[in-house]
There are 2 protein chains.
Amino acid sequence: MTIQKIAIVGGTHGNEYTGPYLLNLLKYRVPVLRYLTFDLKIFLANPKAYQNKVRYIDYDLNRSFLSEDLANYSLDSYEANRAKVINQVLGPKENSKTDLIIDVHSTTANMGVSIILVNNNMFNLQLASFLSTRIPNVFIYYIPPEAYTGNNDHPFLNSLAKYGFALEVGPIPNGVVRHDILLQAYDATLACLEYIEKKNKGMDVYYESTVDVYEHVSAVEFPLDSDGKIDAIIHKELQDMDYKPLEKGAPIFEKFDGRIVVNHEDESFYPVFINEAAYYDKKIAFSLTRKKRIRVDNIT
Amino acid sequence: MTIQKIAIVGGTHGNEYTGPYLLNLLKYRVPVLRYLTFDLKIFLANPKAYQNKVRYIDYDLNRSFLSEDLANYSLDSYEANRAKVINQVLGPKENSKTDLIIDVHSTTANMGVSIILVNNNMFNLQLASFLSTRIPNVFIYYIPPEAYTGNNDHPFLNSLAKYGFALEVGPIPNGVVRHDILLQAYDATLACLEYIEKKNKGMDVYYESTVDVYEHVSAVEFPLDSDGKIDAIIHKELQDMDYKPLEKGAPIFEKFDGRIVVNHEDESFYPVFINEAAYYDKKIAFSLTRKKRIRVDNIT
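A quick note: this is a predicted structure, and the numbers were derived from the prediction, not measured.

**A word on the pairing of strand β3 (residues 100-106) of chain A**
Residues and elements named next belong to chain A.
Okay, so step 1: Counted residue by residue, β3 has seven buried out of seven residues, so it is predominantly covered.
Okay, so step 2: Here β3 shows two buried faces, one formed by L100, I102, V104 and S106 and the other by I101, D103 and H105.
Okay, so step 3: By the bridge criterion, five bridges tie strand β1 (residues 5-10) to β3 in an arrangement that is parallel. Note on β3: the bridge partner recorded for G10 is V104.
Okay, so step 4: In the sheet, β3 pairs with strand β6 (residues 163-170) via seven bridges, with the strands oriented parallel.

**Here we look at the packing of helix α1 (residues 18-29) of chain A against helix α7 (residues 179-200) of chain A**
Residue and element names in this part refer to chain A.
Okay, so step 1: Orientation of α1 relative to α7, taken along the N-to-C sense of each, is 60 degrees, at an axis distance of 10 Å. Here α7 runs oblique to α1, going by the angle between their axes. Crossing geometry of α1 relative to α7 is assigned as right-handed. Across the interface between the two elements, T18, Y21, L22, L25 and L26 from α1 touch I181, L182, A185, Y186, T189 and L190 from α7.
Okay, so step 2: Class assignment for the residues of the contact of α1 with α7 results in nine nonpolar, two polar and no charged.

**Things to note about the nonpolar core**
Okay, so step 1: Core analysis: the largest hydrophobic core is formed by 69 residues, its most contacted members being A:F253, A:F286, B:Y21, B:L100, B:F165, B:L167 and B:I196.
Okay, so step 2: Among the elements that make up this core, the one with the highest residue count is helix α7 (residues 179-200) of chain B (10 residues).
Okay, so step 3: Sequence-distant contacts of B:F165, that is, excluding residues within four places in its chain, are made with B:I101, B:I102, B:D103, B:I115, B:I116, B:L117, B:L127, B:L131, B:N158 and B:C192.
Okay, so step 4: The next biggest cluster of nonpolar side chains, apart from the first, holds 68 residues, and it includes A:I102, A:L117, A:I140 and A:A185.

**Some points on the sheet that holds strand β9 (residues 251-255) of chain A**
Residues and elements named next belong to chain A.
Okay, so step 1: Taken in spatial order, the three strands of this open sheet run β8-β9-β10, and their pairing is antiparallel. Strands with a single pairing partner mark the edges of an open sheet, and in this sheet they are β8 (232-234) and β10 (260-262). Between one strand axis and the next, the sheet turns through 30 degrees on average, direction left out of account.

**A closer look at the packing of aromatic side chains**
Okay, so step 1: What the rule picks out here adds up to 36 aromatic pairs over all chains.
Okay, so step 2: Ring geometry for A:F123 and A:Y195: centres 6.3 Å apart, planes at 75 degrees, overall edge-to-face. Of this pair, A:F123 sits in helix α5 (residues 122-134) while A:Y195 sits in helix α7, and the two are 72 residues apart along the sequence.
Okay, so step 3: Measuring from centroid to centroid gives 5.2 Å for B:F222 and B:Y280, while their planes differ by 50 degrees, and the two rings are tilted. Of this pair, B:F222 sits in the loop between β7 (210-221) and β8 (232-234) while B:Y280 sits in the loop between β11 (270-272) and β12 (284-295), and the two are 58 residues apart along the sequence. The pair B:F222 / B:Y280 is uniform in exposure class, with both members buried.
Okay, so step 4: Put simply, the rings of A:Y17, A:Y21, A:Y28, A:Y50, B:F222, B:F253, B:F256, B:Y280 and B:F286 touch in pairs and so form one group of aromatic residues.
Okay, so step 5: The side chain of A:K84 reaches across the aromatic face of A:Y73, ending 5.5 Å from its centre.

Calculation criteria
Residues numbered from 1 in each chain as written. Chains lettered and ligands numbered in written order. Predicted model: local features only at pLDDT ≥ 70, side-chain atom pairs only at ≥ 80, totals over all residues. Heavy atoms only, no water. Buried < 20%, exposed > 50% of the residue type's maximum accessible area, 1.4 Å probe, protein only. Helix = DSSP H or I, 4+ residues; strand = E, 2+ residues; numbered from the N terminus. Pairing = 2+ DSSP bridges. Axes fitted to C-alpha atoms, helices over the stretch in contact; angles between N-to-C directions. Parallel < 35°, antiparallel > 145°, perpendicular 65-115°, else oblique. Left-handed = near helix turned anticlockwise from the far one by under 90°. Contact = heavy atoms within 4.5 Å. Nonpolar A, V, L, I, M, F, W, Y, C, P; charged D, E, K, R; others polar. Core = buried A, V, L, I, M, F, W, Y, C linked by side-chain atoms within 4.5 Å. Phe/Tyr/Trp six-rings, centres within 6.5 Å; stacked < 30°, edge-to-face > 60°. Lys NZ or Arg CZ within 6 Å of the ring centre and 35° of its normal.

Structure follows, in structure tokens:
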């Protein structure tokens, strides 16, 4: 199998500037990318949201790619229309002209370089394993469809292609670019392209034979007051502790009145997206994952 | 002189959550504040912007307090109206019922705890000196009216009262609260109230007899392409270097095409607000200040 068509996507969330800036870097600084074994498309997903410096105009674009919604022409938000256009350009979903998509995001959480998979096929896991050996501070976060939507479909842009991942870098505020975070996204993207070029040419590529995958379990809400408003902050011992085990009894929130809320889960889960700005709207404080070690050396 | 009425203000910019959360903390956790020598008003300045998680609805509220604009009833933005209401509640400007205002802000820049003065009277400088002795990582940033507006007036909310300052804490993304940054704002606010309580009671208060004040000189724009779009990022050697001297020839920007832009100022200025998200709109990359040592022991 060779990878013929790759899309590198930025600005799916308009206030996450690392993606659009990375697209510019690739265009200006790496013209040699045009002369490799694959076609490369550099694609700004939500130009209107980027121009307006907001996550989205009407609705989260990265929740707009369920097959059901792509087929539903009664949806008329800016992003519902934009998703159908992107489905034409990069898809169509389930029968996609694009083999692999890297969708570049950023987060206010301390998540290093997260490879977020919506499909844990062996190709993706081996690619993620390769990136883990090349790039410091890489974590692999897998979101099974049933854990997220309750059925077998995914609403993420990445679901348009069989291969690839969302590349999530942070911590960084929305609406700014930092050289260090941009460089992490750049290095991870170029390492991914190197992997594919070598595989396409039948060259050997080294990766670890096992990887640790953090599998999504559930989202945890902030404590709310009687009006439904958030009345606590992330506890200081949890802040920035993404991908670290969270033990039973550990403090997770400090309420305005001073009370401490502790973790009641019997299993040691691994929190991610701790204090992500975009999730305050949904009252979500962090998500829990289960850490699994997976063999990736059984090449099919 | 005693300070009779104090206002602690948060949410002047609706996406800077530290302020509104600090107001809640003060209400829930420090009820004893009601029994001191001064009246304390806890005030959410821009509730609509806070609810919508944006800096402002129509226009920057913290640029809406020029005397001329407060008197201009043809201005009809949400913030132009809100400024007139706040002028009634806390002002009126030039004849204010409020003696001292602490207006709590946050920044994506690495500015520690910045005491931003729009009035460098001796009371404010002594208070700032006291805070410098009490709180780690304090910087005093003075914005002379002529440097900013070109005339003798200020557009900032703080200009409603003779005493006080904007308390600027960071670095922190917009739209999140962090325990560490919130604690810095809390400590600085309570230290300020302690100072006033002691002064009101005629007690001795220790502060250093000199302070370093960073005086605003000018704003520096990002390099722009031929379409007027930003085509560079803050150079890695400048990022996070707020309040550090910037020498002639030091790199300040890296352009998309790889070219480095260096600083051409002959004088060693001190940059502040480096990579502040809110200023991308105005294409401003950072501001320059001049460091001055000022004696504050000549009590009047």
